[in-house]
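Survey of secondary and tertiary structure
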Amino acid sequence: MGAAVLVAKTRPGAAQADGLPSWNDGPVKRSILDFIARTTTPGGPDWVPVSERIACFDNDGTLWTEQPVYFQVAFAVDRIKALAAQHPEWRTQEPFRSVLADDRAALAALGLKAIVEVIEAAHAGMTTEDFAATVVDWLATARHPRFDRPYTDLVYQPMIELLSLLRAHQFKTFIVSGGGIEFMRPWTERIYGIPPEQVVGTSSVTKFELRSDGTPVLMKEPKVEFIDDGPGKPIGINRFIGRRPVLAFGNSDGDQQMLEWTAAGSGARFMGLVHHTDAVREYAYDRPSPVGQLDKAWDEALRRHWTIVDMKKDWKVIYPFELR
């Protein structure tokens, strides 16, 4: 039976004490608290040893906003525009033509492969250290087109609380994202409390080089090594984590296989999806969306009784700045 239908009693007035103050009381919140209690109670039938308390989270649309385009795409677009003068061929060559024309619909229609091509072209020819510095600089100055705030302000307060609560119960929290691993690692520890070695993501080929002064560097090349999306997610988990998660959270069809892989393990399991239902405070989208499409995974979640978080109904606040 899925965690979505497991309900634990919560004492009145315990919203602040339970570690999830930004979650409205209801079946979803109680199922999370129940799962944590059951898996961390010594001697209980669902107790999970500390070494096996692995929790994996998608990033885009699960831990922070992903509309109107994935934030790494926004970063890559800014980089492509900055480099366009050095590449006149981009003005007629897709997907770069769509980038330079600000044609987001055309770029989305070209699919994930085209988006990855844009990202890799924008990042190639840099050392990993220089690239990390470029990401940090961009995040410090770039603003979201709707909210006019830094992109790192648009993380989900309820999910930050969940990450902290899991770690307080000795779970090890990982990001497993289709986003670029080198894009996420410079800031995830500061924003989520997840260190770089616990980030799994899409990666490009890097090459070891010695500079003329003898300094060793890792250079990013314009070639994708591994796409950590869809069926790539359980492969990435196996390759880089080496343990099957007991809890996994996503928000789209790209997370379906990660949730299926989690569910296939023995013992207590928790599979969750964030459903974007709040057009006023964030965005509302699911089946037809070109960004973060939730279609097949939604059907699978309903069929298998996985937990579906209704953003509008289950979250008191969405962003940390709402608390200030």
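In case you missed it, the structure is sitting above this.
Residues numbered from 1 in each chain as written. Predicted model: local features only at pLDDT ≥ 70, side-chain atom pairs only at ≥ 80, totals over all residues. Heavy atoms only, no water.

Details of the pattern of salt bridges
- For the structure on display, the rule yields 15 salt bridges.
- Residues Asp34 and Arg38 are paired through a salt bridge, measuring 2.7 Å at the closest nitrogen-oxygen approach. Of this pair, Asp34 and Arg38 both sit in helix H1 (residues 27-40), four residues apart, which is roughly one turn of the helix.
- Residue Arg303 is joined to Glu300 by a salt bridge in which the shortest nitrogen-to-oxygen separation is 3.1 Å. Of this pair, Arg303 and Glu300 both sit in helix H12 (residues 296-304), separated by three residues, roughly a single helical turn.
- Given a relative accessible area of 12%, Glu300 falls into the buried group.
- Salt bridges sharing common partners tie together Asp34, Arg38 and Asp46. (Salt bridge = Lys/Arg side-chain N within 4 Å of Asp/Glu carboxyl O. Helix = DSSP H or I, 4+ residues; strand = E, 2+ residues; numbered from the N terminus. Buried < 20%, exposed > 50% of the residue type's maximum accessible area, 1.4 Å probe, protein only.)

Observations regarding helix H11 (residues 256-263)
- Burial in H11 covers these residues: Gln256, Met258, Leu259, Thr262 and Ala263. Looking straight down H11, one finds its buried side chains confined to an arc of 165 degrees; they lie on one side.
- In the core, the buried residues of H11 are packed alongside strand E1 (54-57), strand E2 (172-180), helix H10 (232-240), strand E5 (247-250), strand E6 (270-275) and H12. (Arc of directions from axis to C-beta. Contact = heavy atoms within 4.5 Å.)

Overview of the packing of aromatic side chains
- Taken as a whole and assessed by the stated rule, the structure comprises 21 aromatic pairs.
- Seen in terms of ring centroids, Phe75 and Trp138 are 5.4 Å apart; in terms of plane orientation they differ by 70 degrees. Their pairing is edge-to-face. Separated by 63 residues along the polypeptide, Phe75 in helix H2 (residues 71-83) and Trp138 in helix H6 (residues 128-141) bring together distant segments of the chain.
- Linked through ring pairs, Trp64, Phe71, Phe75, Phe131, Trp138, Tyr151, Phe183, Trp187 and Tyr192 together constitute an aromatic cluster.
- In this arrangement the basic side chain of Arg149 is found over the ring face of Phe321, its NZ or CZ atom lying 3.8 Å from the centre.
- Positioned above the aromatic ring of Phe131, the side-chain terminus of Lys220 is 4.8 Å from the ring centre. (Phe/Tyr/Trp six-rings, centres within 6.5 Å; stacked < 30°, edge-to-face > 60°. Lys NZ or Arg CZ within 6 Å of the ring centre and 35° of its normal.)

What to know about the sheet that holds strand E4 (residues 216-226)
- Pairing is mixed across the open sheet formed by seven strands, whose spatial order is E4-E3-E2-E1-E5-E6-E7. Strands with a single pairing partner mark the edges of an open sheet, and in this sheet they are E4 and strand E7 (307-310). Recorded for the sheet is a direction-independent mean angle of 30 degrees between the axes of neighbouring strands.
- Inspection of the sheet shows E2 paired to strand E3 (residues 199-210) by three bridges, in the parallel sense. Bridging from a neighbouring strand, Gly180 pairs with Thr202 of E3. (Pairing = 2+ DSSP bridges. Axes fitted to C-alpha atoms, helices over the stretch in contact; angles between N-to-C directions.)

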